[in-house]
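Chain by chain, the residues:
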2 protein chains.
Amino acid sequence: MIPAEEQLATVAPKRQRSGRGARREQRSHGPQGLGRPYILRNIPTYDILSEENLVRIEQTADRILAEIGIEFRDDPVALDHWKRAGADVEGQLVKFEPGLLKEVLKTAPSKFTQHARNPERSVVIGGKSVVFSPAYGSPFVMDLDRGRRYGTIEDFRNFIKLAQASPWLHHSGGTICEPVDVPVNKRHLDMVYSHIRYSDRPFMGSVTAENRAEESIEMARLVFGEDFVEQNCVILGNVNVNSPLVWDATMTTALRAYARANQAAVIVPFILGGAMGPVTNAGAIAQSLAETMAGCALTQLERPGAPVIFGNFLSSMSLRSGSPTFGTPEPAIGSMVIGQLARRLGLPLRCSGSFTTSKLPDAQAMNESTMSMLAAVHCGANFILHSAGFLDGLLSMSYEKFVMDADFCGALHTYLDGVTIDDNQLALDAFREVGPGSHFFGCAHTMANYETAFWDSGVADNEPFEKWEAAGSTDTAFRANRKWKQMLADYEAPPLDEGIDEALLDYMARKKAGSEDAWY
Amino acid sequence: MIPAEEQLATVAPKRQRSGRGARREQRSHGPQGLGRPYILRNIPTYDILSEENLVRIEQTADRILAEIGIEFRDDPVALDHWKRAGADVEGQLVKFEPGLLKEVLKTAPSKFTQHARNPERSVVIGGKSVVFSPAYGSPFVMDLDRGRRYGTIEDFRNFIKLAQASPWLHHSGGTICEPVDVPVNKRHLDMVYSHIRYSDRPFMGSVTAENRAEESIEMARLVFGEDFVEQNCVILGNVNVNSPLVWDATMTTALRAYARANQAAVIVPFILGGAMGPVTNAGAIAQSLAETMAGCALTQLERPGAPVIFGNFLSSMSLRSGSPTFGTPEPAIGSMVIGQLARRLGLPLRCSGSFTTSKLPDAQAMNESTMSMLAAVHCGANFILHSAGFLDGLLSMSYEKFVMDADFCGALHTYLDGVTIDDNQLALDAFREVGPGSHFFGCAHTMANYETAFWDSGVADNEPFEKWEAAGSTDTAFRANRKWKQMLADYEAPPLDEGIDEALLDYMARKKAGSEDAWY
């Protein structure tokens, strides 16, 4: 029943825990704790909309595409692709007959493996797989000691190390924070190098210019070899639509660079309802579908069969202040519908995880994050970007929130295993042994099962009030602060072949020598 | 399509908001803000288990009931009921042939109305209804100013006032906190009186002794009239199984008192896996099913057709410390299965909401609460006890957490409305108006829809960092602290008929005169 490429995950231990459990796993899996390489969801997706209503959304997307169209700005190659595919191109405006994009998308794989330099960390993206990846793209970082400040390459490396040290994150991510102390036109080199050097998990490359995308992929070739990269996905690029209904050349040239190299672009409309899309959820979803289909289809025109991920980033806004809001109910429930639509297209799905507008790792932060993260796993997302660290409406990467979110990713491993039904789990013998009015502490069934019985958080405090008070009455943020420091102190870099390291450093030196620093 | 008794909810405004939106609603709905009297869930339940696996759980429950049995201690009437129903009674141990309880349960209604003294606040329990009720039963209360302390009748009244002042809670609850400054054997009188005096919503009575249950119901008769109470549900009683597999006389006499009076008992096994049940989820669920079915069936033997609610309270424990844990993944995913089982029996469902073991209204508190609360609404629970205020593993009622949880209940109103699909929501005209590359601020569709477009939290801070910092860098707990104080300051008691008030006070005086105070 399980496709060969997913067996990777099924042979990994079924249950992982933090605390003592995780430490046990760490010993048996190498110096850095790691659970399964990714999750195979063992519960169904949460499908909330009827076939009839899904069709109405698809028809609206079709009409947006056919009657209003999408502008592809300043990318003549993209326009040529569309002309050859039979779209109606007038200047930069492209209109699509219903069915055209769906036809083009038939060559896109429903599932693919993104290889890690450590083969045990490779992930499947598609089907029932769930891959947790850190937050992406914030200019600032925060911690309880130093408050909010611009991110640096040191922060960037720290977050890679924290992700690598977490048993619950499967992916190293991409632009975890902007390293603003490195020139903008060189930054991608340092970021990609850091992912390779400090992590052995899959990662993402740059998309901020075509040459940066190409250079990111070139660095991956130095690690995996040219032939391997030609045949296999080893790097992702996350490209955003300029919503509403505009694809600009920066993004289309980057997505084409990834597709051309047989690497996976993640196609993501970023729609704040009321700003880049309508204030109504159904309309924002239809728009998202139209924009994503166009971007995904463009990858197939560049290279039929290239892996591509159907992404989305619905959000809402405060209509009192005009501020964006994250982790609110409309995007959460909208994600379920996006999931249904992506599955109808047969494409792997990316959603966003730990969203919040809170400026602190506090109650609001985890209320909003938890709602958003649960929506992402319920809707069937295969690749969940922003799984850890997101704070301040994507403007800040928080060290403490990173630890809290990663811990919740651990809880979700247990949650997504669902409820197993077999004789041992049904425990009839335990009832026979214990009988009415007794207790199950120490009974044979408990002794046989307790080690893997319950999720054991590494951040939550479950002690009685008096013990908690005696231990200093700490809040979660304080405990998370201690934890990330300990994780960094304990971090050990995964081994990297010296020849590869030298080749990467040499490549970077040549690329850095080739141009002036640019800070914009 | 909508049953007559549910139309109550459908005529109420579709969308409510806190902040300006809620204030607008408050003006149009009376002095205390109130949204709909309850929610009609507009998304499907989240069904995670196959028919085959559900049957295996039911078969396990059947075997527990038939082969191991349940003890009914010190209640000869209950044992007589079981004998007459054809169960196998040996001493106090009762065994049930498969199918017996299901047959008895056929007289239980799948849905009923619990009437409030203000008819606009009556709630339907069953079908697609969702009713949010405050947390229940903690000996302590907490707030940021005074820390943790024993609850008093003043705290008890304060929480009733806060629930009444919230637009997002539908029910006044029961033993919101223990008022330890009132003698144990008189406490129920003051609690029931406080619910009636300070709230006009439905409420719960005492279950800690048969006479306290009867006196709670008698006070309800003084409000609603004897004939009305004989025909209609006006009060709930929440009774716990003494798990594993024991029903004691305190609980069975209380549940029979409610059923005898045609009032609804809520039947709740409290199973901490590894202590009162097996450490495996499937076994705990089978046990819960067996215990709940027996309790629900006993109400039908006492009075066929009496309303009754299928309750559950799954929890886990820390196997390092032996402490109970709440808001963890196992009970959350287990709730989905409980929901499926309750629907197969055709009984209304009670689940628990805002669970946490945190001792502060912090990130852990809202992470655990949000997971637990979403599980409750996804599993199809009709009556969600512990929707607001739960902290410290049910030992403390928190003023700040109450406000945060109630706010999240508001978000869930929007969430449970799902995604509406109609021409306005699909917004094709808005795309025609705005076109590629523009924005939707101020377009006709936005102007026509923005007032009800997005959930607007009354506790979250969505402002940009700089504005938040200039306003004092507050965390959620601080804002919630300000909010509950403001809510209490603004509270206005709903009008109560003077004759009823006098009758209640007279009844209490007579009952209090009739016995010595007892403090245990």
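If you're wondering where the values come from, they're calculated on a predicted model, not measured in any experiment.

### A closer look at the sheet that holds strand β9 (residues 147-150) of chain B
Residues and elements named next belong to chain B.
Then step 1. The strand order across the open sheet formed by four strands is β9-β8-β20-β19, and the pairing between neighbours is mixed. Both outer strands of the open sheet, β9 and β19 (390-391), are each paired with one neighbouring strand and no more.
Then step 2. Relative to β9, strand β8 (residues 140-143) runs antiparallel, the two being bridged by four bridges. In the sheet register, F140 faces β9, and the bridge partner there is Y150.

### Structural notes on the sheet that holds strand β20 (residues 396-398) of chain A
All names here are of chain A.
Then step 1. Ordered by their spatial adjacency, four strands build an open sheet running β9-β8-β20-β19, and the pairing between neighbours is mixed. Sheet topology places β9 (147-150) and β19 (390-391) at the edges, where each strand pairs with a single neighbour.
Then step 2. Judged from the two bridges that link them, β19 and β20 form a sheet pairing that is antiparallel. Looking across to β20, one finds that L391 is bridged to S396.

### Topic: the relation of the copies chain B and chain A
Then step 1. Overlay of chain B on chain A (RMSD 0.0 Å): rotation 180°, translation along the axis 0.0 Å. What we have between these two chains is a two-fold relation. Distance from the rotation axis, computed per C-alpha, reaches its smallest value in chain B at A363(B): 2.1 Å.
Then step 2. Both copies present the same face, since 100% of the interface residues in chain B are matched by interface residues at the equivalent positions in chain A.

### Some words on the pairing of strand β11 (residues 235-241) of chain B
Residues and elements named next belong to chain B.
Then step 1. Among the seven residues that make up β11, six are buried, leaving the element largely enclosed by the rest of the structure.
Then step 2. Here strand β10 (residues 203-204) pairs with β11 via two bridges, running parallel. Residue pairing across strands places F203 opposite I235, the latter belonging to β11.
Then step 3. Bridge count between β11 and strand β13 (residues 264-272): six bridges; the pairing is parallel. Paired with N240 across the strands is V268, a residue of β13.

### Observations concerning the interface of chain B and chain A
Then step 1. Facing 120 residues of chain B, the contacting portion of chain A comprises 120 residues.
Then step 2. Together, the buried faces of chain B and chain A total about 9700 Å²; carbon and sulfur atoms form 67% of this surface.
Then step 3. For the interface between chain B and chain A, the tally reads eight salt bridges.
Then step 4. For the salt bridge of E67(B) with R432(A), the shortest nitrogen-to-oxygen distance reads 2.8 Å.
Then step 5. Run the count over chain B and chain A and you get 38 residue pairs in polar contact (both at pLDDT 80 or more).
Then step 6. Take the side of chain B that touches chain A: its biggest share by element is nine residues, from helix α13 (residues 363-378) of chain B.
Then step 7. A per-class count over the side of chain B that touches chain A returns 56 nonpolar, 40 polar and 24 charged.

### Quick word on the state of the cysteines
Residue and element names in this part refer to chain A.
Then step 1. Per the stated rule, a full pass over the model turns up zero disulfides over all chains.
Then step 2. Sulfur of C296: no disulfide; nearest cysteine sulfur belongs to C351 and is 13 Å away.
Then step 3. As a non-bridged cysteine, C379 has C351 as the owner of its nearest cysteine sulfur, 3.5 Å distant.
Then step 4. We classify C379 as buried; its relative accessible area is 0%.

What counts as what
Residues numbered from 1 in each chain as written. Chains lettered and ligands numbered in written order. Predicted model: local features only at pLDDT ≥ 70, side-chain atom pairs only at ≥ 80, totals over all residues. Heavy atoms only, no water. Pairing = 2+ DSSP bridges. Helix = DSSP H or I, 4+ residues; strand = E, 2+ residues; numbered from the N terminus. Least-squares fit on C-alpha atoms with pLDDT ≥ 70 in both. Contact = heavy atoms within 4.5 Å. Buried < 20%, exposed > 50% of the residue type's maximum accessible area, 1.4 Å probe, protein only. Buried area = accessible area lost by both parts, 1.4 Å probe. Salt bridge = Lys/Arg side-chain N within 4 Å of Asp/Glu carboxyl O. Polar contact = N/O pair within 3.5 Å; in protein donor to acceptor, adjacent residues only side chain to side chain. Nonpolar A, V, L, I, M, F, W, Y, C, P; charged D, E, K, R; others polar. Disulfide = S-S within 2.5 Å.

The values are spatial; any link to function lies outside them.
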